[in-house]
Amino acid sequence: MMGRVSGKVAFVTGAARGQGRSHAVRLAQEGADIIAVDICRPFADSPASPATPEDLAETANLVKALDRRIVTAEVDVRDYELLKSAVDSGVEQLGGLDIIVANAGIGTVGTRLDRMKEDTWQEMIDVNLSGVWKSVKAGIPHMVAGGRGGSIILTSSVAGLKAYPHTGHYVAAKHGVVGLMRTFAVELGAQSIRVNSVHPTHVNTPLLLNEKTFRIFRPDLENPGADDMAPICQTFHMLPIPWVTAEDISNAVLFLASDEARYITGVALPVDAGSCLK
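None of the values given here were measured: they were computed from a predicted structure.

S.K.: Give a detailed account of helix α8 (residues 246-257), specifying residues and quantitative values.
M.R.: With 12 residues, α8 extends 16 Å between its outermost C-alpha atoms, agreeing within 8% with the 16 Å of an ideal straight helix rising 1.5 Å per residue. Looking only at α8, the buried set comprises Ala246, Ile249, Ser250, Ala252, Val253, Leu254, Leu256 and Ala257. Packing partners of the buried residues in α8 comprise α1 (18-29), β4 (99-102), β5 (150-155), β6 (193-200) and β7 (268-271).

S.K.: If you had to explain the sheet that holds β4 to someone new, which residues and values would you point to?
M.R.: The parallel open sheet is built from 7 strands, whose spatial order is β3-β2-β1-β4-β5-β6-β7. A single partner strand is all that each edge strand has here, and the edge strands are β3 (70-74) and β7. In this sheet, neighbouring strand axes are inclined to one another by 15 degrees on average, regardless of whether the strands run parallel or antiparallel. By the bridge criterion, 4 bridges tie β6 to β7 in an arrangement that is parallel. In the strand pairing of β7, proline 200 is matched with valine 271.

S.K.: Kindly report on the packing of helix α3 (residues 80-94) against helix α4 (residues 118-146), identifying the contributing residues and their values.
M.R.: Any two packed helices are characterised by how steeply their axes cross, that is the angle between the axes, and by the distance between the axes. One can describe the packing of α3 onto α4 by two numbers: an axis separation of 9 Å at closest approach and a directional angle of 35 degrees. For the element pair α3 and α4, the recorded crossing hand is right-handed. Of the residues in α4, those in contact with Tyr80, Leu83, Lys84, Val87, Asp88 and Val91 of α3 are Lys134, Ser135, Lys137, Ala138, Gly139 and His142. For the contact of α3 with α4, a count of residues per class yields 5 nonpolar, 3 polar and 4 charged.

S.K.: Please set out unusual backbone geometry residue by residue, giving values where relevant.
M.R.: Positioned with a positive phi, aspartate 67 is a non-glycine residue whose angle comes to about 65 degrees. Locating aspartate 67 in the fold gives a position in the loop between α2 (53-64) and β3. Classification of aspartate 67 as exposed rests on a relative accessible area of 64%. With a phi close to 65 degrees, histidine 166 is a non-glycine residue in the positive phi region.

S.K.: Give a description of the nonpolar core that names residues and reports values.
M.R.: Phe11, Leu97, Val136, Ile152, Leu154 and Val195 are the most contacted members of the largest nonpolar core, which has 40 residues in total. If you list the elements that add at least two residues to this core, you get β1 (9-13), β2 (33-38), α3, β4, α4, β5, α5 (168-188) and β6. When residues no more than four places from it in sequence are discounted, the contact partners of leucine 97 are Val9, Ala10, Phe11, Ile35, Val87, Val91, Gly139, His142, Met143 and Arg148. Ala10, Cys40, Ile153 and Val244 belong to the second largest nonpolar core, which has 33 residues in total.

S.K.: Kindly report on α3, identifying the contributing residues and their values.
M.R.: Across its 15 residues, α3 extends 21 Å between first and last C-alpha, which sits within 8% of the 21 Å expected from 1.5 Å per residue. Residues Tyr80, Leu83, Ala86, Val87, Gly90, Val91 and Leu94 constitute the buried set of α3. Each buried residue of α3 sits inside an arc of 130 degrees when the element is viewed along its axis, so together they form one side. Across from the buried face of α3, at angles greater than 90 degrees, the exposed residues are Glu81 and Glu92. In this fold, the buried residues of α3 make contact with β1, β2, β3 and α4. Of the residues that open α3, the one with a side-chain oxygen 3.3 Å from the backbone nitrogen of glutamate 81 is aspartate 79. Positive backbone phi, at 100 degrees, marks glycine 95, one or two positions downstream of α3.

S.K.: Which residues make up the pairing of β4, and what are the values?
M.R.: Side chains Ile99 and Val101 of β4 all project onto a buried face; the interleaved residues Ile100 and Ala102 project onto the opposite face, where all are buried too. Of the pairings in the sheet, the one linking β1 to β4 comprises 3 bridges and is parallel in character. Within β4, the residue paired with phenylalanine 11 across the bridge is isoleucine 100. Where β4 lies against β5, 4 bridges are found, and the strand directions are parallel. Bridge pairing in β5 links isoleucine 99 to serine 151. Handedness of the β-α-β unit built from β4, α4 and β5 comes out right-handed.

S.K.: Could you give an account of the pattern of salt bridges, naming the residues involved and the relevant values?
M.R.: Enumeration over the complete set of coordinates arrives at 13 salt bridges. We note a salt bridge from aspartate 76 to arginine 78, for which the minimum N-O separation is 2.8 Å. The exposure class assigned to arginine 78 is partly exposed, which follows from its relative accessible area of 28%. Each of Arg4, Arg26, Glu30 and Glu260 takes part in salt bridges that share partners, so that together they form one network.

What counts as what
- Residues numbered from 1 in each chain as written.
- Predicted model: local features only at pLDDT ≥ 70, side-chain atom pairs only at ≥ 80, totals over all residues.
- Heavy atoms only, no water.
- Helix = DSSP H or I, 4+ residues; strand = E, 2+ residues; numbered from the N terminus.
- Expected span 1.5 Å × (residues − 1).
- Buried < 20%, exposed > 50% of the residue type's maximum accessible area, 1.4 Å probe, protein only.
- Contact = heavy atoms within 4.5 Å.
- Pairing = 2+ DSSP bridges.
- Axes fitted to C-alpha atoms, helices over the stretch in contact; angles between N-to-C directions.
- Left-handed = near helix turned anticlockwise from the far one by under 90°.
- Nonpolar A, V, L, I, M, F, W, Y, C, P; charged D, E, K, R; others polar.
- Core = buried A, V, L, I, M, F, W, Y, C linked by side-chain atoms within 4.5 Å.
- Arc of directions from axis to C-beta.
- Polar contact = N/O pair within 3.5 Å; in protein donor to acceptor, adjacent residues only side chain to side chain.
- Right-handed = clockwise from strand over helix to strand, strands pointing away.
- Salt bridge = Lys/Arg side-chain N within 4 Å of Asp/Glu carboxyl O.

Encoded structure:
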C-alpha cells in the first residue's frame with residue numbers, strides 16, 4: 001500500500017537525524033510534503049553528539065530524492081515565536097498543514113530526583129514537555145483553518161507510561177506528554193483533529209548508541225560498545241531484542257497519521273517489544 005498520506009503536509013520536529021529524520025522520510029515515501037525543524041546545537045549534559053545543520057540538509061536531500069517538497073529551519077522548540085515563524089513559512093510554501101509530529105526531545109544524564117540540579121530538571125521540562133506543547137500550538141491554527149481535520153502525533157516514551165530510577169526529569173516530562181495528548185484530543189476532536197502518542201523503548205539512534213551511554217550501561221568494561229550493552233537492553237523487553245529501529249517508530253507514526261487510523265484518538269501506543277509488561 002502506497003500513498004497513505006498523499007497530498008498532505010507534515011510538520012516534524014527534531015528532524016535532522018534519528019527518529020525525526022526517519023519520520024520525515026517515511027511520511028514523504030507515502031506522499032507527504034514536509035516542514036522539518038531541528039535545533040542543530042548541543043545540550044551540555046546529553047550523552048549524544050549534537051545534530052548538525054549538515055544532518056538537517058541530508059534529511060532534506062532524502063525527502064527531495066522521493067520527489068517531495070520540504071522546507072527546513074534551524075529552530076529551538078523552546079522558542080515559540082521561531083517555531084510559529086517556521087510553520088507559517090512552511091504552510092505558505094506548501095499550502096496547508098495536515099500532520100504534526102512533535103518528536104524533538106533530549107535525554108540528559110540525571111540522578112535521584114532529590115539530588116538533581118534545578119537547571120537539569122528545567123531544561124528537560126522546557127524541551128521535552130513545553131517544547132511539545134509549543135510545537136503543537138504553532139501548528140493548530142493552520143490545521144483548523146484548513147477545515148479538513150488532521151492528525152497530531154506526540155513522541156513520548158515507555159518512560160511516559162512507567163518509571164525508571166535516576167531519570168525522573170525525563171520520566172516526568174514524558175508522562176506530561178501523555179497529559180498533553182489526551183487534553184489536545186478532547187479539545188480538538190470537534191474539528192476532526194486526532195491526537196495520539198507513541199511510546200518507544202530503546203531505539204537504535206545516536207541518543208542510545210553512543211560512547212557515554214555504553215559506559216553508563218557497562219561501567220565494568222574499559223571500552224564498551226553496542227554489543228556489550230545489548231544484553232542489558234534486552235532484559236527490558238519481553239521480545240528477544242535489545243532495541244527497535246527508528247523505522248519501527250515511523251511505521252507507527254505513519255499509521256496514526258493515515259486514514260487507516262481515522263477514528264483513533266487519545267491513544268498512547270507503545271512500540272516497546274513488550275517493555276510495558278515488565
